[in-house]
Amino acid sequence: MANKQKDSRRANIPANNSFKNKETVKVHNGVFVYTRNMSVAELAKELNINATDIIKFLFLNKKMVTINQTLDDETIGLICLEFGYDFKKEKVVSEENFEEVEIVDKPEDLKPRAPIVTIMGHVDHGKTTLIDAIRSSKLVDTEVGGISQAIGAYQKEISGQKITFLDTPGHEAFTAMRSRGAAVTDIVVLVVAADDGVMPQTVEAISHAKAAGVPIIVAINKIDKEGANPEKLKNELMAYDIIPEEYGGQNIFCEISAKKKLGISELLEAILVVAEMLELKANPDRYAIGTVIEANLDKGEGPKATLLVQNGTLSFQDYVVVGTAYGKIRRMTNEYKKIVKIATPSTPVSVIGLSEVPNAGDHFMAFPTEKQARDIAMKRSLIKKQEELNSSGGASLDDLFNRIHEGEVSVVNIIIKADTTGSAEAIKSSLLKLNNEQVKLNIIHCTAGAISDSDIMLASASGAIIYGFNVRPSSTISQKAEQEKVEIRLHRIIYDLLNEMEAAMKGMLKKEKVESVTGQAEVRSLIKISKIGTVAGCYVTSGVIKANSNVRILRNGIITYEGKIKSLKRFKDDAKEVKEGYECGINIENFNDLKELDIIEGYEMVEKE
């Protein structure tokens, strides 16, 4: 089926009818088509009229020009109309700039598509809980600190009609991610807590939705809570031109309780009503184009990206260019990790097979051949590297603190490594907002993945601080950082990361409790024991592992679990601690999903100046 789909799409290959690699100047069926501004002499030649007639016409219209003067678009249009021609300016778009191409589909090729709905609102107002209520899932239980830190894409069938939902983070640090969500959405559901009212990120979400020019449905959440006041909330929102239909406005308001699943069906019906009015359509019979929602580096599968198809159909084994990456899709799955062969417009899918991890927000396009995809990706990569070149031992926060007190104007280089590209991007944009007159933060590298040897070398060479978000360095990398005097700051909650840097920039570093890693052990074997759970046979690779210690489980440098050691044994005996070079058995409290080669890292909290 996929091959038939691919063959049928060849009639709509973008390269055949959309890319304009060369400048065009011609008259076709009475229409003057051009791609660049031109002089009076050039225009006269193309229109087969006398240049003096053009100069005379412009003079009578109070415009003084010479024969070699370049004309703007408005003037070219006036001249064409005067001498009996219609006119059209086409934009030159090369293949490597495919996101700029204007794709025009024939009306008969367009088919109805599912609406793309973005859930927006302030932190802790219940956005992810609403998604849970719609999907009957438990997403919110998995979120660090109770906040979403990436965009999730999900599809749900309601009354025989599909709706695609985007869940965006609510914390102000994720402005860039919410902005990206609004850029691909058709409808925004603005979640506002009835007991909390309009908050800063509520206002920001309204601004994003209005900038995107999409309709806003307001979901007044937590109506079951004491202190809930929907009417007061409606009055607050009217100040931002969000006016209920009953007051003569255009915004549908739905009162819900996501936690108790009240009013959910009415909200879904409202979404379908608005979607029907929008008459959303796309052409499934062409090669897919769309946007990267999220991306990360998976230990077993390599670069992985969540793609949202916006037009066309993405098929298994298609060749795609995603940002500066390219590849043949080796596997495509939906949000339930079920393998799918095709993804039609408005469908989010996770794909593997790319040459590298793209950035969240990158555009993608499918192409008929690997050579075309590879060549375009290489061109895009060269352009990006050139832009980076044109724009552009270790340091520590203590150095920054001291330099501020000495009255220096400081430029601090920072490297950001995060578990996903969306988180990395959000941290970057948030840190850059902290710039002030004394201190300028310069982000020299920002990407997803574990902290690597090359990151340490880059930090050493540029005097940078490395910030790790939801990632951990291996013991080898930590030793390398210590040798190179590179500071690695590790965080799991974005508030803490930003507060730490802001405090350093203000010269306010005080005594605080910080983590001190005591040791690491590598899982070599696994034994499952009834009533106890999984016991890991481990080899201590560095430091010391202590009984009852706080530990985290690292898989390919990414944190998968944090907890405590339940029991630590040497052979059959309990042990207080096991040092580097020795084997031991470890059982983790409330965690049995260990895998061979996982790293169990022990740590303790100590006071530091």
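Colleague: Is there a simple way to think about the overall build of the protein chain in this case?
Modeller: Scanning the protein chain from terminus to terminus reveals 16 helices and 31 strands. When the accessible surface of the protein chain is totalled, it reaches about 29600 Å², and 49% of it is carbon and sulfur.

Colleague: Explain the sheet that holds strand β19 (residues 363-367) to me, please; I cannot follow it from the model alone.
Modeller: The pairing of strands in a sheet happens through backbone hydrogen bonds and is either parallel or antiparallel. One closed barrel accounts for six strands, arranged β12-β13-β18-β16-β15-β19; its pairing is antiparallel. Along the sheet, successive strands turn relative to each other by an average axial angle of 45°, direction set aside. One ladder, built from four bridges, connects strand β16 (residues 325-333) with strand β18 (residues 348-354); its direction is antiparallel. Residue glycine 327 lies in a different strand from β18, and its bridge partner there is leucine 354.

Colleague: What should I look at first to understand the pattern of salt bridges in this one?
Modeller: Between side chains of opposite charge, a pair can form as their charged atoms come close. Tallied over the entire structure, the rule returns 25 salt bridges. Its salt-bridge partner being aspartate 224, residue lysine 260 comes within 3.9 Å of it at the nearest N-O pair. You can see lysine 260 sitting in the loop between β10 (253-255) and α10 (264-278) and its partner aspartate 224 sitting in the loop between β9 (216-221) and α9 (230-238), a full 36 residues away along the chain. Residue lysine 260 is classed as exposed on the basis of its relative accessible area of 55%. A salt bridge links arginine 524 to glutamate 522; the shortest N-O distance between them is 2.6 Å.

Colleague: When you look at a nonpolar patch on the surface in this model, what are you seeing that I'm missing?
Modeller: There is a patch of nonpolar side chains on the surface, built from Phe59, Leu60 and Met64 and spanning about 400 Å² of accessible area. Along the chain, methionine 64 turns up in the loop between α4 (51-60) and α5 (73-82). On the accessibility criterion, methionine 64 (64% relative accessible area) is exposed.

Colleague: Please clarify how the nonpolar core should be interpreted in this entry.
Modeller: The tendency in soluble globular proteins is for nonpolar side chains to be buried as a group. Formed by 28 residues in total, the largest nonpolar core has its most connected members in Leu130, Phe165, Val189, Ile217, Leu267 and Ile271. Of all the secondary-structure elements, those providing two or more residues to this core are β5 (116-121), α6 (127-135), β6 (152-158), β7 (161-167), β8 (187-193), β9 and α10. When residues of this core are assigned to their parent elements, the largest contribution, eight residues, is made by α10. In terms of nonpolar packing, the next biggest core, distinct from the first, is built from 20 residues, Ala288, Ala295, Ala305 and Val357 among them.

Colleague: Teacher, can you tell me more about the packing of helix α3 (residues 40-47) against α4 here?
Modeller: Where α3 meets α4, the axes come as close as 8 Å, and the angle between the chain directions of the two elements is 120°. Where α3 crosses over α4, the two elements pack in a sense that is right-handed. Contact residues: α3 offers Val40, Leu43 and Ala44, while α4 offers Ala51, Ile54 and Ile55. Taken together, the residues of the contact of α3 with α4 sort by class into six nonpolar, no polar and no charged.

Colleague: Mind showing me how you'd approach the side chain of serine 39 here?
Modeller: With respect to the element layout, serine 39 can be found in the loop between β2 (31-34) and α3. Residue serine 39 is classed as buried on the basis of its relative accessible area of 10%. Not counting the four nearest positions on each side in its chain, serine 39 is found in contact with Ile67, Asn68, Gln69, Thr70 and Leu71.

Colleague: Honestly, the pairing of β9 in this entry has me stumped. Any pointers?
Modeller: The two faces of the sheet receive side chains in turn, since in a regular strand these alternate between them. Where burial is concerned, most of β9 is hidden: six out of the six residues are buried. The pairing of β8 with β9 spans six bridges and is parallel. Counted as the bridge partner of valine 192 is isoleucine 220 from β9. Note that the unit made of β8, helix α8 (residues 200-212) and β9 has a crossover that is right-handed. For β9 and β10, the ladder comprises three bridges, and the chain directions are parallel. What sits directly across from valine 218, in β10, is phenylalanine 253. The parallel pair β9 and β10, bridged by α9, forms a crossover whose chirality is right-handed.

Colleague: In this structure, what is going on with the environment of glycine 30? I would like to understand it.
Modeller: Tracing the chain through its elements places glycine 30 in the loop between β1 (25-28) and β2. Measuring from C-alpha to C-alpha, the distance between glycine 30 and glycine 84 comes to 7.9 Å, with 54 residues separating the pair along the chain. Apart from the residues lying within four places of it in its own chain, the contact partners of glycine 30 are Tyr85 and Asp86.

Colleague: Just checking my understanding: could you explain the state of the cysteines for this structure?
Modeller: In a disulfide, the sulfur atoms of two cysteines are covalently bonded to one another. All told, the structure shown has zero disulfides when counted by the stated rule. Left unpaired, cysteine 538 is separated from the closest cysteine sulfur, that of cysteine 584, by 5.1 Å. You can call cysteine 538 buried: its relative accessible area is 2%. Exposure remark for cysteine 584: the relative accessible area of 7% places this residue in the buried category.

Colleague: Is there a simple way to explain the packing of helix α14 (residues 453-462) against helix α15 (residues 475-483) in this structure?
Modeller: Between two packed helices, what matters for the description is the angle formed by their axes and the separation of those axes. Orientation of α14 relative to α15, taken along the N-to-C sense of each, is 10°, at an axis distance of 10 Å. By the angle between their axes, α14 is roughly parallel relative to α15. The crossing of α14 and α15 is right-handed. Residue-level inspection shows Asp453, Ile456 and Met457 of α14 in contact with α15, the latter providing Ile477, Lys480 and Ala481. Each residue belonging to the contact of α14 with α15 can be placed in one class, and the counts come to four nonpolar, no polar and two charged.

Colleague: Sorry, what's going on with the packing of aromatic side chains here?
Modeller: Geometry of an aromatic ring pair is reported as the spacing of the ring centres plus the angle between the planes. Enumeration over the complete set of coordinates arrives at three aromatic pairs. With centroids separated by 5.4 Å and ring planes inclined at 15°, the aromatic side chains of phenylalanine 32 and tyrosine 34 adopt a geometry described as stacked. Look at tyrosine 34 and you get buried, because its relative accessible area is 1%. A centroid spacing of 6.3 Å and a plane angle of 75° characterise the contact between phenylalanine 57 and phenylalanine 83, whose relative ring orientation is edge-to-face. Of this pair, phenylalanine 57 sits in helix α4 while phenylalanine 83 sits in the loop between α5 and β3 (86-89), and the two are 26 residues apart along the sequence.

Colleague: Looking at this structure, how should I read α4?
Modeller: Spacing of three or four residues puts side chains on the same side of an α-helix, whose turn is 3.6 residues. Residues of α4 that are buried include every one of Ala51, Ile54, Phe57 and Leu58, and no others. Taken down its axis, α4 places every buried residue within 125° of arc, on the same side. Opposite the buried face of α4, by more than 90 degrees, sit the exposed residues Lys56, Phe59 and Leu60. Packed against the buried residues of α4 are α3 and α5. Just downstream of α4, lysine 62 is the residue with a positive phi angle, here 65°.

The rules we used
Residues numbered from 1 in each chain as written. Predicted model: local features only at pLDDT ≥ 70, side-chain atom pairs only at ≥ 80, totals over all residues. Heavy atoms only, no water. Helix = DSSP H or I, 4+ residues; strand = E, 2+ residues; numbered from the N terminus. Areas by Shrake-Rupley, 256 points an atom, 1.4 Å probe, with all protein chains shown as cover. Pairing = 2+ DSSP bridges. Axes fitted to C-alpha atoms, helices over the stretch in contact; angles between N-to-C directions. Salt bridge = Lys/Arg side-chain N within 4 Å of Asp/Glu carboxyl O. Buried < 20%, exposed > 50% of the residue type's maximum accessible area, 1.4 Å probe, protein only. Patch = residues over 30% accessible without salt bridge, like charges linked within 9 Å, V, L, I, M, F, W, Y side chains within 5 Å. Core = buried A, V, L, I, M, F, W, Y, C linked by side-chain atoms within 4.5 Å. Left-handed = near helix turned anticlockwise from the far one by under 90°. Contact = heavy atoms within 4.5 Å. Nonpolar A, V, L, I, M, F, W, Y, C, P; charged D, E, K, R; others polar. Right-handed = clockwise from strand over helix to strand, strands pointing away. Disulfide = S-S within 2.5 Å. Parallel < 35°, antiparallel > 145°, perpendicular 65-115°, else oblique. Phe/Tyr/Trp six-rings, centres within 6.5 Å; stacked < 30°, edge-to-face > 60°. Arc of directions from axis to C-beta.

Limitation: the analysis is restricted to geometry and does not speak to function.
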